[in-house]
Amino acid sequence: MQGAQPEVKYLKDYKQPDYLISDVALTFKLDETETLVSAKMNLNATGDASQPLRLDGEKLELLSLSINGQLLNQDQYAVDDEGLTIHSVPAEFVLESQVRIHPETNTELEGLYQSSGNFCTQCEAEGFRKITYYQDRPDVMAKFITRVEGDKSRYPVLLSNGNLIEQGELDGGRHFATWQDPFVKPAYLFALVAGQLEFIQDSYTTISGREVDLRIYVESQNIDKCDHAMESLKKSMKWDEDTFGLEYDLDIYMIVAVNDFNMGAMENKGLNVFNSKFVLAKPETATDTDYEGIEGVIGHEYFHNWTGNRVTCRDWFQLSLKEGLTVFRDQEFSSDMNARSVKRIEDVAVVRAHQFPEDDGPMSHPIRPASYIEMNNFYTVTVYQKGGEVIRMYQTLLGKDGFRKGMDLYFKRHDGQAVTCDDFLSAMQDATGVDLSRFSRWYAQAGTPRLTVRSEFANGTFSLKVSQATPATPGQEEKLPFHIPLRFALLDGQGNRMPLNLQGSDKPVTDELVLDVLEAEQTFVFSGLAEKPVPSLLRGFSAPVIMDSDLTDQDQLFLAANDDDEFNRWEAIQQLAINWMLDGVAKLAKGESLQRPQGLVEALAKTLVDESLNPALRALALGLPAESVLAEKMDVVDPDAIHQVRSWLRQDIATAMTEQFKATYLKLAEIEPTADNASSVRRLKNCCLGYLTKIDSQLATEKAQVQFAEPNMTNVMAGMSVLVDLNGAAGEQALVDFYAKWQADPLVTDKWFMLQASAGEGDTLAKVKGLLEHKGFDIRNPNKVRSLIGVFARNQVHFHRADGEGYRFIADRILELDAINPQIAARLAGSFLRWKKFDSDRQKLMKAEMERMVAAKLSKNTYEIISKSLA
Ligand code: 0A1
Ligand code: ZN
């Protein structure tokens, strides 16, 4: 909890550690009311050993401390809230300590804690210091041996990192297991799990012929929900060998699913701990989106074994070194396993809906932040998703082969080391000879670049004037130009790509180019064109920028129908819809009526029935831009007007295309799905059902009831959401029946809470307040908090109620949560960050709530978010 102003940590203050730890042996004596942790480690001075030894440690009760077997007395060291200082140490020594900790009362879910009665750990970023005194920083890498002791009946399974080297019985019904991890690692990759768990087992033979034992540990009632995770793991292992030549390095790979987890999952060496949401699935309980999420997160954690574990970060400012790279790797994996353009569209939608707003607000930071108060606040969409986009740009600039060469050199140089983003860039540059000096600005400058593109055509020559500017962000007034890869083609009247004779270029003529945008303003000239082309710009979203082009609605309609870049086809429709909706909001303000966007509706109708396109892609085209995306485009956000205009458009599209939606729904419902197309068919079918709700409630109700009874959660949820949307007795009954059926499955009841918290119509706030008291809700469980409170805070219309009750409710929950779990409270506090985008009445209301919060005694997590928001 916060007393004085919390300390700010700066990248520029980085110093190598005075001491390194080479080996550490840990012993855990687990018990119901306390846990004893002993640590024995070998330390060496990196310099002359004149410096005191500083160890991190929080909420530890120190029982003993010795150096080279000699107990230290109290004047040889000093303990404070954040650690321990030993005034004088030899150049090389063995340090032993014993501490008492209380995992049984740990609600922060950081360090050692309990979930459903089992023990588990979460040490990234700085959780290990809540387990024992240690140099808890990623550039201190050691070999770990871990002995775990506990009651045999309560904790039959005892796990830690690496290989099991010994196990046996102890007195008093207790037993032990000893694990040895042969690889050096930073403390944040340490893990321990103990409890009543069962596992499924499989094996994988690596490319060099080593057999790896694969295990997924879950509570017994979930043992039938692990197969998809196991398949995803094997696919990940194969993909990393095929794509990057990277092989797994231990004899065993374990995944444990827990119900209480602050994030998605954690890549602890050889022993991943997962939020059960990203492990457990069977068709009856998990949606297609859940299945995709599992494949992606299993891949992500597996890929960390090389990008994060074998090569780790020097300090936490370098977080994107491992996270951006691993996000890129998991995105590519999912693209190779499924439909690439669908994945790309979904990933870009996340960047736009979440990262762009973050980068435009008070928490804006570069992918390599320069400072932080609480590191846990920097596990952000900027570090992860924008970081992933930056890695993707390397590949776009260097080509796939060049990128692979850079990766190979990176591993060759840095295996077993803790390094920086600059080291990664150097490897890419040295492996390819491409000058990336300007590219490095992506690491240092925050904010989303605005790209303005203007074109001209005369006498067979097409010229493209590109200018870039990046708005000021907190602490960064002036921005230098970025190196932006602009993937580009010119299309003729039939939609074919035209040859690109780029003036001044010595590269061979092709029909697609990556233009190097390097300056504040640059013009690219293409000659010898037989007709006036339509440009296809920023293909595949080749850079995380906001583009303003001079494409007309006519051009967009042409691209929507003809561009061979599927991302850009989708993009054209998005742009048309955004333009129309923004115009609609302005019309409403003037009291004018809304008129059907004829061209857009025709384009959607064509797309809906275009069987040459993947059904999921068609569904994405029909999914209008989210309310939050429109909000970002407005100077002063009017959430009610946005909601009204978007609903009007959905209704109008439904009216205009009723017959197509009906026919498509019926046709898709008849198809016997194959493993390959089942989820994308369901997606389009359920998209049609959603539109039908708007126009034919009787038919929609009938179909929704049928789906609600199916043994497939994707269809059940789509059915239930239609019934609930229609706001009648059938919806009420569906909610009652659903809960009765699934009350014992927390991941399924999460969906039930989520659906109600996201409702657009009705008094959603009253509903959510009522649900806080529901027996299935638990404020200590992060998944429940995210499902009910987190979803409500993103419900634009109801969070931003004009009477301020939405704000007050969320502020109260933040204050309540901050005492339980500061990480989760701080995330929720992010809901207030965009307050300056709203009208002055709402601004006042939000500001008052933030001032109320900041006046309370807050954790440094929540304090950092709120104080930066108010600054
Ligand atoms: N490294 C994990 C994310 C993670 C970060 C922090 C956590 O607890 C505070 C937990 C997980 C990943 O990228 O998957
Ligand atoms: Zn990660």
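Rules of the game
- Residues numbered from 1 in each chain as written.
- Chains lettered and ligands numbered in written order.
- Predicted model: local features only at pLDDT ≥ 70, side-chain atom pairs only at ≥ 80, totals over all residues.
- Heavy atoms only, no water.
- Helix = DSSP H or I, 4+ residues; strand = E, 2+ residues; numbered from the N terminus.
- Buried < 20%, exposed > 50% of the residue type's maximum accessible area, 1.4 Å probe, protein only.
- Contact = heavy atoms within 4.5 Å.
- Near = heavy atom within 4 Å.
- Polar contact = N/O pair within 3.5 Å; in protein donor to acceptor, adjacent residues only side chain to side chain.
- Areas by Shrake-Rupley, 256 points an atom, 1.4 Å probe, with all protein chains shown as cover.
- Nonpolar A, V, L, I, M, F, W, Y, C, P; charged D, E, K, R; others polar.
- Pairing = 2+ DSSP bridges.
- Axes fitted to C-alpha atoms, helices over the stretch in contact; angles between N-to-C directions.
- Core = buried A, V, L, I, M, F, W, Y, C linked by side-chain atoms within 4.5 Å.
- UniProt positions renumbered as here; feature names shortened; annotations may be inferred.
- 1 Å grid on protein atoms, 1.4 Å probe; cavity = no way out; pocket = protein on both sides within 12 Å on 5 of 7 lines; lining within 4 Å.
- Points joined across faces, edges and corners; volume = space filled by probe spheres on them.
- Expected span 1.5 Å × (residues − 1).
- Arc of directions from axis to C-beta.
- Phe/Tyr/Trp six-rings, centres within 6.5 Å; stacked < 30°, edge-to-face > 60°.
- Lys NZ or Arg CZ within 6 Å of the ring centre and 35° of its normal.
- Left-handed = near helix turned anticlockwise from the far one by under 90°.
- Lys, Arg positive; Asp, Glu negative; His and termini not counted.
- Salt bridge = Lys/Arg side-chain N within 4 Å of Asp/Glu carboxyl O.

A. Structural view of the overall build of the protein chain. A count of helices and strands for the protein chain gives 26 helices and 32 strands. By principal-axis analysis of the C-alpha atoms, the protein chain measures approximately 85 × 70 × 60 Å. Going through the 871 residues of the protein chain one by one, you find that 58% of them count as buried. Intrachain contacts of the protein chain at a sequence separation of at least 6 include 70% that bridge at least 24 residues.

B. Structural view of the site of ligand 1. Around ligand 1, a shell composed of 15 residues is seen, among which Glu124, Glu267, Glu301, Glu323 and Tyr384 lie nearest. Between Glu267 and ligand 1, the recorded distance is 2.7 Å, taken from a side-chain N or O atom to a nitrogen atom. With the chains in place, 96% of the 370 Å² that ligand 1 exposes on its own is no longer accessible. Looking at the shell around ligand 1, the elements with two or more residues in it are strand S20 (265–266), helix H2 (288–303) and helix H3 (319–337). Each residue belonging to the shell around ligand 1 can be placed in one class, and the counts come to five nonpolar, five polar and five charged.

C. Up close: the pairing of strand S26 (residues 461–469). Summarising the sheet, strand S25 (residues 450–458) and S26 pair through nine bridges and their orientation is antiparallel. The partner of Phe457 across the bridge, within S26, is Phe462. From the end of S25 to the start of S26, which pair antiparallel, there are two residues, and Asn459 there has a positive phi angle of about 50°.

D. Here's a closer look at the sheet that holds strand S27 (residues 484–491). Spatial ordering of the open sheet is given by S29-S27-S31, a layout of three strands whose pairing is antiparallel. Bordering the open sheet on either side are strand S29 (513–517) and strand S31 (534–537), each of which pairs with just one other strand. Strand-to-strand twist across the sheet, computed as the mean angle between neighbouring axes with direction ignored, equals 35°. Two elements, S27 and S29, share five bridges in a ladder whose sense is antiparallel. Bridging from a neighbouring strand, Arg487 pairs with Val514 of S29. Across the sheet, helix H5 (residues 381–414) is in contact with S27 and S29; its angle to S27 comes to roughly 60°.

E. Molecular detail of the nonpolar core. One finds Tyr394, Phe424 and Phe526 to be the most contacted residues of the largest nonpolar core, which totals 274 residues. At 13 residues, the largest contribution of residues to this core is made by H5. Beyond its immediate stretch of four places on either side in the chain, Phe424 contacts Leu321, Leu325, Ile391, Tyr394, Phe403, Met407, Tyr410 and Tyr443.

F. Spotlight on the UniProt feature "domain: Peptidase M1 alanyl aminopeptidase C-terminal" (unreviewed entry) in the protein chain. The sites that carry the UniProt feature "domain: Peptidase M1 alanyl aminopeptidase C-terminal" (unreviewed entry) are, in the present numbering, residues 553–871. Taken end to end, residues 553–871 is 74% helix and 0% strand, and its first and last C-alpha atoms sit 41 Å apart.

G. Fine view of the UniProt feature "domain: Peptidase M1 membrane alanine aminopeptidase" (unreviewed entry) in the protein chain. Mapped onto the present numbering, the UniProt feature "domain: Peptidase M1 membrane alanine aminopeptidase" (unreviewed entry) falls on residues 229–442. A helix fraction of 56% and a strand fraction of 9% characterise residues 229–442, whose end C-alpha atoms lie 35 Å from each other.

H. Local environment of the sheet that holds strand S28 (residues 501–502). Spatially, the five strands line up as an open sheet ordered S28-S30-S26-S25-S32, and their pairing is mixed. The outermost strands of the open sheet, each flanked by one partner alone, are S28 and strand S32 (546–549).

I. Broad picture of empty space enclosed by the protein. Taken as a whole, this structure holds four cavities of 30 Å³ or more when the rule is applied. Its boundaries defined by the atoms lining it, the largest cavity holds a volume of some 50 Å³. Considering the residues around the largest cavity, the lining is formed by Ser320, Leu321, Leu325, Ile367, Gly387, Val390, Ile391, Cys421, Phe424 and Tyr443. Those elements giving two or more residues to the lining of the largest cavity turn out to be H3, H5 and helix H6 (421–432). Across the lining of the largest cavity, the residue classes tally to eight nonpolar, two polar and no charged.

J. Layout of helix H16 (residues 697–708). Taking 1.5 Å of rise per residue, twelve residues should cover 16 Å, and H16 covers 16 Å from first to last C-alpha, within 8% of that figure. Three or more residues of H16 are buried, namely Leu699, Ala700, Ala704, Gln707 and Phe708. Each buried residue of H16 lies within a common arc of 160° when the element is viewed along its axis, so the set occupies one face. Across from the buried face of H16, at angles greater than 90 degrees, the exposed residues are Gln698 and Val706. Close packing links the buried residues of H16 with helix H14 (658–670), helix H15 (678–695), helix H17 (713–725) and helix H18 (729–742).

K. Structural detail: the packing of aromatic side chains. Counting across every chain of the model gives 42 aromatic pairs. Residues Trp580 and Trp648 carry aromatic rings whose centres are separated by 5.5 Å and whose planes lie at 25° to one another, so their mutual orientation is stacked. You can see Trp580 sitting in helix H9 (residues 566–589) and its partner Trp648 sitting in helix H13 (residues 639–656), a full 68 residues away along the chain. Residue classification places Trp580 among the buried residues on the basis of a relative accessible area of 13%. Of the residues examined, Trp648 reaches a relative accessible area of 28% and is grouped as partly exposed. Ring geometry for Phe799 and Tyr807: centres 5.0 Å apart, planes at 80°, overall edge-to-face. Neither Phe799 nor Tyr807 differs from the other in exposure class; each is buried. Through pairs of rings, three or more aromatic residues link up here, namely Trp239, Phe244, Tyr248, Tyr253, Tyr302, Phe303, Phe328, Phe333 and Phe403. When the ring centre of Tyr10 is taken as origin, the NZ or CZ atom of Lys12, which lies over that ring, is 4.2 Å away. Geometry around Phe183 places Lys269 over its ring, the cationic atom sitting 4.3 Å from the centre.

L. Spatial organisation of the packing of H17 against H18. Interaxial distance between H17 and H18 falls to 7 Å at its minimum, and their mutual angle equals 145°. Here H17 runs over H18; the crossing is left-handed. On H18, the residues that touch Met713, Val716, Met717, Met720, Leu723 and Val724 of H17 are Ala730, Gly731, Ala734, Leu735, Phe738 and Trp742. A class-by-class count of the residues in the contact of H17 with H18 yields eleven nonpolar, one polar and no charged.

M. Representation of the side chain of Glu241. For Glu241, the location among the structural elements is in helix H1 (residues 227–244). Of the side chains bearing the opposite charge, Lys238 lies closest to the buried Glu241, which forms no salt bridge; the N-O distance is 5.9 Å. A polar side-chain atom of Glu241 sits 2.8 Å from a polar atom in the side chain of Tyr204. Non-local contacts of Glu241, meaning those with residues more than four positions away in its chain, are made with Tyr204, Thr206, Ile207, Leu246 and Glu247.

N. Layout of the pattern of salt bridges. As enumerated under the stated definition, the model contains 77 salt bridges in all. Here Lys386 ties to Asp359 by a salt bridge, and the two come within 3.1 Å at their closest N and O atoms. Of this pair, Lys386 sits in helix H5 while Asp359 sits in helix H4 (residues 340–359); the two residues are 27 residues apart in sequence, bridging distant segments of the chain. Here Lys386 and Asp359 have matching classes, each one buried. Asp763 is paired through a salt bridge with Arg801; the nearest N and O atoms lie 3.3 Å apart.

O. Just unusual backbone geometry, in detail. A cis amide bond links Glu124 to the next residue, Ala125, at an omega of -5°. With respect to the helices and strands, Ala125 occurs in the loop between strand S11 (118–122) and strand S12 (142–151). Residue Lys59 is not a glycine yet carries a positive backbone phi of 55°. Within the secondary structure layout, Lys59 lies in the loop between strand S4 (53–56) and strand S5 (61–67). The exposed category is assigned to Lys59, whose relative accessible area is 61%. Here the phi dihedral of Phe541 falls at roughly 55°; this positive angle occurs in a residue that is not glycine. You can see Phe541 is positioned in the loop between S31 and S32.

P. View of the side chain of Thr448. Counting through the fold element by element, Thr448 comes out in the loop between helix H7 (441–444) and S25. By relative accessible area, which is 4% here, Thr448 ends up buried. If sequence neighbours within four positions are ignored, Thr448 has contacts with Gln355, Phe356, Asp359, Ala469, Thr470, Pro471, Pro544, Val545 and Ile546.

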